[in-house]
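Notes for the structure review
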Amino acid sequence: MQVPGPDTRVVELRVHGILGTTGDELTDSVASVDVAGDGVGRIMRPADRLRRPVPGPMLNAGDRSVPRIVEGYVWGAMTSGGLAKATWALLFPFALANMAHWMLPPTRTANPVSRMLGSVLRGLLRLSALLLTMLLVAQLTVITLDLVAAQCLAPGAQCMGSVPDALRGVDVLRSAVLLVPVALVVLLMHRLSTVSWRVSAPKKDSPQHSALAPMLPGENVVSDPDTPALRALHVMAALSTVALVALGGPLSPSIDPRWLVAAALLALSVVGTAGLDDPAGMRETSMVFRALLGRRTRQVLMSVGGVLFASVALLPGELRGPLPGSGSTIDTITALLVLTCVAVAVLLVPASLLARPEWKSSPKQLRPWAGGWMSAPVLMLAAMLGNGFGAGLALSVRETLSVPQSPGAAPLLLPAAFDDVTFFWGSAVVLLVASLLLALPWLLVRRFRRSEDGDPIPDEVALLHAGRKEDQRKAASAWKLADVQRRYSHQLFLVIAGVLTVSTAASLAARFAGMASVGWLSAIGVVTLAGLAVGLLRTVFLAATKRDTARVLGVLGDLALFWPREAHPVVPPCYALKVIPELADRAAEHLADPDTRVVLVGHSQGSLLAAVAAARLLEKLPEQDRERVGLVTAGSQLQWAYPRAFPGVVPHSALRDLAGSMGDRWRSLCRGTDPLGGAVTTWNRQVYNGMLIGVGLRGDGTEGPLPAATRGPTGALVLGGDHWLPDPQRGPFSCRRWVPGVLGHSDYRGDPEWDRAVAMAAGLERPVRGAALPLSTPEAQQIPSAPVPHAFGASLSPQGDDGGSITDPVEDLPRRTPGETAEAARTKRSKPVIPFRERSETEVPEQQSHEEPAPEPAEDVPEPPAQQGSEARSEPSVLPEITEPRGRIAPWERGASLRSTDS
């Protein structure tokens, strides 16, 4: 570690999370100005009254103050704002299908079966995305060309009576006018897939890997060179689908040359989509497809598709009733989409089993969700949402056009596939409601049993808020609620997948087995689809006109648009491809000054951006400059969500390598009350003998048991790289910002531990190791560090399934001195002990514990608890307020006592 000199300064480069923010909020200032960026990705600093950039407040690091520059990278404009970005919500099924690609389990390059399954799964996901595009275009064509042009505006029809008969008799006019919306949709899809954010940072050569920077998080988050070819194939398939709807459908071969051309373009689209390779894979294939689908070839093929579309619009044939090709086209595309989803779900099972050796040695709370199978339910959800959006729009249009018709008029007909969709969504809604009604009582019963059988205040809460009974009660309920959300959030997708599977099977049985559809289920489905379509359009309108709604809608974009175009090219541009290189380039620009240290700070979704940017930065920096890079994550999902949902992109091993590359300069701020963020570097936490212990990532690139947590001057418990913040905060204190109430996922920058974590990440303050911590009873010995790892064995079991969230109290086992029998220890501990969580705040000598020098650590380490033959104490021991061994209180905490003494 480089020793800081007198000219050392720290640049704190912040990245916000979802919902976006302003430069003022991100930099904690009353005004801010741009100092770099291009207006889309903005790098901002605090400003004075003359709108001039100013540095941030001084950073306290140990016994000295270091100059600090605060900068914030604002990227919210990439996902929300304006009508164009609001309409991106209509493409959310496409974005889900694209995200499902990144959720595939990793491929084992040494196993040929694993490589083959990975290639097949990626090909099936691209085919599913292609079918989603075709389904959307087919549904729009049915609405415009079939429902409106061929039925509603047919000669003699009573629908839309204001249209004169002279116009109704011209088939070419009706088809040409009503196919314009479809052409615009296809054109907009093509245009959207060509848009990418311009990266201000200069392009670098391929990163130079070293022993300190192996496979790091997000290394395969790169742009796909196959995107132009996929874009052309999707456009060809969309235009061919329009032609098939007008020319009789795919199941009715025709000698019409246009039908043959459409079938040939579709076949080429399917073969090319399945054969194109994925650059995120471990081997290069399909070089032939890339060569054949060059720029000139793509232009020719799309031109042929455009001519085919124009011929259908100008020569539509007779439009005097429902088109025969509508039903067969919708049925064929839907059936193929269901088959691909089923094939992905089936093949994911062996693929996940083959990838299991990479995580089978990890604790359960660190393994991928559903064993790496989560891509299947996400793909199924994308398929059913895409089908539902189009069907809901078609049903809404039919009901709107049918209102003014007389009772004797011919009804407007939609293909039978739309009736199947209504039955599907009706049964799905009923099953989801039933699942919810069953899940809520189960959760309530479990919570009631835990509160009856164990201590209502978890041990971690009592330890963190020792001596503050009211704060313990407030925090306990928030901890338990956040634990439930983190633990069961992924299971919601599995429940949805199960419901969709059952509903699909019921719909197929009702369609092909001759079963009569249940009327009330179809009615529920009609209402659901209509509400889905109308609600989505209304949300898009509100998002385009109101900023708050736009930010809420931007949540979907923030989560789904992080991933580059892979399976589906018709998704909005990926902001990660712009934010990450620009963050790394800005940090490298600051590091050009040898006296500057850069700390990348990310909150929530920004923690993923900051971690990947830090990994890219470490790859291109020389060895001697890496020690000047630090990372702080706050409210992060880098343990409980991203490695488990995307095991091939952010695996646990990559986080371990990143921690080893950064040493102790990766700090994570977390709260147990935060339902969206959690611990990053530790897991299997529990309270033992008044100490918070656990397992986690180490600075040398390994993982294992860690020294017991120490309490800093701000009241936070520091275990490994995780800083557990008290929530509600301690205070209020003089001359220090204080935020009342339970904060959960918000306002991490308002905690006084923020600056301390930044100083540690900058290498200006070393984490305390093995600090002696007093226990709650005078006769108990003090423990210098965590017990010997090998002595605990299986007795140290994790509490909770999310890596340390506690729901059951930990049994605090009797303490005994060396040579003392267990029976003698139990006899000695038989007298009642009042735990600190039940004492009043005045009984806890906080000031004394801070001001008195810490006692010397005891030499004897307690014997680890035995799995059998030991009895738990009736009351668990809890620490009072303690600090680091330096025995000081932060100045803002001493204000009240100093004033009372002077008076």
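Residues numbered from 1 in each chain as written. Predicted model: local features only at pLDDT ≥ 70, side-chain atom pairs only at ≥ 80, totals over all residues. Heavy atoms only, no water.

Some remarks on the state of the cysteines
With the rule as written, the count across this model stands at one disulfide. Paired by a disulfide, Cys-152 and Cys-159 hold their sulfur atoms 1.9 Å apart. The sign of the S-S torsion, about -70°, decides the handedness of the disulfide formed by Cys-152 and Cys-159: left-handed. Per residue, the accessibility class of Cys-152 equals that of Cys-159, and both read buried. (Disulfide = S-S within 2.5 Å. Buried < 20%, exposed > 50% of the residue type's maximum accessible area, 1.4 Å probe, protein only.)

Digging into a nonpolar patch on the surface
Together, Leu-167, Val-170, Val-172, Leu-173, Val-177, Leu-314 and Leu-315 make up a nonpolar patch on the protein surface, roughly 580 Å² of accessible area in all. Mapped onto the elements of the fold, Leu-167 is located in helix H5 (residues 165–168). Overall, the relative accessible area of 39% leaves Leu-167 in the partly exposed class. (Patch = residues over 30% accessible without salt bridge, like charges linked within 9 Å, V, L, I, M, F, W, Y side chains within 5 Å. Areas by Shrake-Rupley, 256 points an atom, 1.4 Å probe, with all protein chains shown as cover. Salt bridge = Lys/Arg side-chain N within 4 Å of Asp/Glu carboxyl O. Helix = DSSP H or I, 4+ residues; strand = E, 2+ residues; numbered from the N terminus.)

Quick word on the UniProt feature "transmembrane region" (unreviewed entry) in the chain
When the UniProt feature table is mapped to this numbering, "transmembrane region" (unreviewed entry) covers residues 124–145, 172–189, 297–315, 335–355, 376–397, 423–445, 492–513 and 519–541. Between the end C-alpha atoms of residues 172–189 there is a gap of 25 Å, over a span that is 94% helix and 0% strand. For the annotated span residues 335–355, helix accounts for 100% and strand for 0% of the residues, and the straight-line distance between the end C-alpha atoms is 30 Å. (UniProt positions renumbered as here; feature names shortened; annotations may be inferred.)

Here's the deal with the nonpolar core
Among the nonpolar cores identified, the biggest contains 156 residues, and Phe-562, Leu-609, Phe-646, Leu-658 and Trp-666 are the most heavily contacted of them. Counting the residues that make up this core, at least three belong to each of domain 1 (9–78 + 573–762) and domain 2 (85–200 + 216–404 + 411–562). When neighbours within four sequence positions are excluded, Leu-609 is seen to be in contact with Val-15, Trp-75, Phe-562, Tyr-575, Ala-576, Val-579, Ile-580 and Leu-583. (Core = buried A, V, L, I, M, F, W, Y, C linked by side-chain atoms within 4.5 Å. Domains from an automatic or database assignment. Contact = heavy atoms within 4.5 Å.)

Some thoughts on the sheet that holds strand E11 (residues 691–697)
If you walk across this open sheet you meet the three strands as E10-E11-E12, and the pairing is antiparallel. This sheet does not close on itself; its edge strands, each paired only once, are strand E10 (682–688) and strand E12 (703–705). In this sheet, neighbouring strand axes are inclined to one another by 15° on average, regardless of whether the strands run parallel or antiparallel. When E10 meets E11, the two strands line up antiparallel, connected through five bridges. (Pairing = 2+ DSSP bridges. Axes fitted to C-alpha atoms, helices over the stretch in contact; angles between N-to-C directions.)

A short note on unusual backbone geometry
The omega torsion of the bond from Asp-727 to Pro-728 falls at 10°, within 30 degrees of zero and hence cis. Considering the arrangement of structural elements, one finds Pro-728 in the loop between strand E15 (722–724) and helix H23 (753–761). Positive phi outside glycine occurs at Met-160, with the angle close to 50°. Checked against the element boundaries, Met-160 lands in the loop between helix H4 (112–152) and H5. Within the chain, Asn-684 stands out as a residue other than glycine whose phi angle is a positive 50°. Mapped onto the elements, Asn-684 comes out in strand E10. Asn-684 sits in the buried class, given a relative accessible area of 15%.

Focus: the pairing of strand E3 (residues 42–46)
Most of E3 sits inside the fold, with four of its five residues counted as buried. Of the strand pairs in this sheet, strand E2 (residues 32–37) and E3 are connected by five bridges, and their pairing is antiparallel. Considered in E3, the bridge of Ser-32 is made with Pro-46. Where E2 folds back onto E3 in an antiparallel hairpin, the turn is made up of four residues, including Gly-39, whose phi is positive at roughly 90°. The pairing of E3 with strand E6 (residues 68–74) spans three bridges and is classified as antiparallel. Within E6, the position partnered with Met-44 by the bridge is Gly-72.

Considering the sheet that holds strand E9 (residues 666–670)
Across the sheet, 10 strands lie side by side as E2-E3-E6-E1-E7-E8-E9-E15-E14-E13; this open sheet has mixed pairing. Two strands lie at the open edges of the sheet, namely E2 and strand E13 (710–711), each paired on one side alone. Relative to E15, E9 is paired through three bridges, and the arrangement is parallel. Among the inter-strand pairings, Ser-668 is bridged to a residue of E15, identified as Asp-722. Packing against the sheet, helix H20 (residues 605–620) makes contact with strand E1 (9–15), strand E7 (596–603) and strand E8 (629–634), and its axis sits at approximately 145° to E7.

Description of the packing of helix H9 (residues 257–275) against helix H11 (residues 295–314)
For any two helices packed against each other, the geometry is given by the interaxial angle and the distance between the axes. Remark: H9 packs on H11, axes separated minimally by 11 Å, with the N-to-C direction vectors making an angle of 145°. Every pair of crossing elements has a handedness; the one defined by H9 and H11 is left-handed. In contact with Arg-258, Val-261, Ala-262, Leu-265 and Leu-268 of H9, H11 contributes Leu-301, Val-304, Gly-305, Leu-308, Ser-311 and Val-312. Partitioned by chemical class, the residues of the contact of H9 with H11 number eight nonpolar, two polar and one charged. (Left-handed = near helix turned anticlockwise from the far one by under 90°. Nonpolar A, V, L, I, M, F, W, Y, C, P; charged D, E, K, R; others polar.)

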